[in-house]
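# Overview (structure and organization)
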Amino acid sequence: MVKLEEVSVDQFDDVDQQALSDDGDDNYSDFSDDDFDDDEDESILDRIAALKEIIPLKHRNKIASSASTLTSWGKTGATFVGKSAWVITTSMLLLVLPLALEIEKEQALVAYEKEAMQQQGAQQMLAGGDIYGQPKPGQQ
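Not measured: the values here are computed from a predicted model. (Residues numbered from 1 in each chain as written. Predicted model: local features only at pLDDT ≥ 70, side-chain atom pairs only at ≥ 80, totals over all residues. Heavy atoms only, no water.)

Moving on: the overall build of the chain. The number of helices and strands found in the chain is 3 helices and 0 strands. A total of about 13,700 Å² of accessible surface is found on the chain, and carbon and sulfur atoms cover 59% of it. (Helix = DSSP H or I, 4+ residues; strand = E, 2+ residues; numbered from the N terminus. Areas by Shrake-Rupley, 256 points an atom, 1.4 Å probe, with all protein chains shown as cover.)

Here the focus is the confidence of the model for the chain. Mean pLDDT for the chain: 80, with 70% of residues reaching 70 or above. Confidence, expressed as mean pLDDT per element, reaches its minimum in the chain at helix α1 (residues 9-23) with 63 and its maximum at helix α3 (residues 57-127) with 94. (pLDDT = per-residue confidence, 0-100.)

Given 3.6 residues to a turn, an α-helix orients residues that are three or four positions apart in the same direction. In this model α3 runs 102 Å from its N-terminal to its C-terminal C-alpha over 71 residues, within 8% of the 105 Å that 1.5 Å per residue would give. Most pronounced at Leu93, the bend in α3 amounts to some 35°. (Expected span 1.5 Å × (residues − 1). Bend = angle between axes of the 7 residues up to and from the residue.)

For side chains bearing opposite charge, pairing can occur when the charged atoms are close. Under the counting rule described, the total for this entry stands at 2 salt bridges. As a salt-bridge pair, Glu42 and Arg47 come within 3.5 Å of each other at their nearest N and O atoms. The exposure class of Glu42 is partly exposed, given its relative accessible area of 32%. For Arg47, a relative accessible area of 49% gives the class partly exposed. Between Glu102 and Lys105 there is a salt bridge, and its shortest N-O distance comes to 3.6 Å. Residue Glu102 and its partner Lys105 are located together in helix α3, separated by 3 residues, close to a single helical turn. (Salt bridge = Lys/Arg side-chain N within 4 Å of Asp/Glu carboxyl O. Buried < 20%, exposed > 50% of the residue type's maximum accessible area, 1.4 Å probe, protein only.)

Here we come to a nonpolar patch on the surface. Together, Ile88, Met92, Leu93, Leu94, Leu95, Val96, Leu97 and Leu101 make up a nonpolar patch on the protein surface, roughly 820 Å² of accessible area in all. Along the chain, the position of Leu101 falls in helix α3. (Patch = residues over 30% accessible without salt bridge, like charges linked within 9 Å, V, L, I, M, F, W, Y side chains within 5 Å.)

Here it is, written out as structure tokens:
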């Protein structure tokens, strides 16, 4: 059987003051450093494994199910994005690239014709006629 004894507040204060005066330390604590067993060799995996014991099985199953669903959606999304990028890229190569090359050829042809017209006009001016091939008045 356990015997209980009432401790008065005055007696408790006396014991506390006596413990402080014995040590002479203002940082008095009821816990010693030996009570804490810090295992510095413990890895992060050991700590995660210890969490397994703390979290109930029902919650662990929900977390695992959520993680599985999330990875499944991630893989599906990545596959969709990859296939979409392939379709867009090949469509651009087959449809837009030839069009762009033809537009560039047309612009080069127009620039060549314009340059040829300028050269022909300059030769006619040097030959003494106007740009329409008619001789200038007073030249015959």
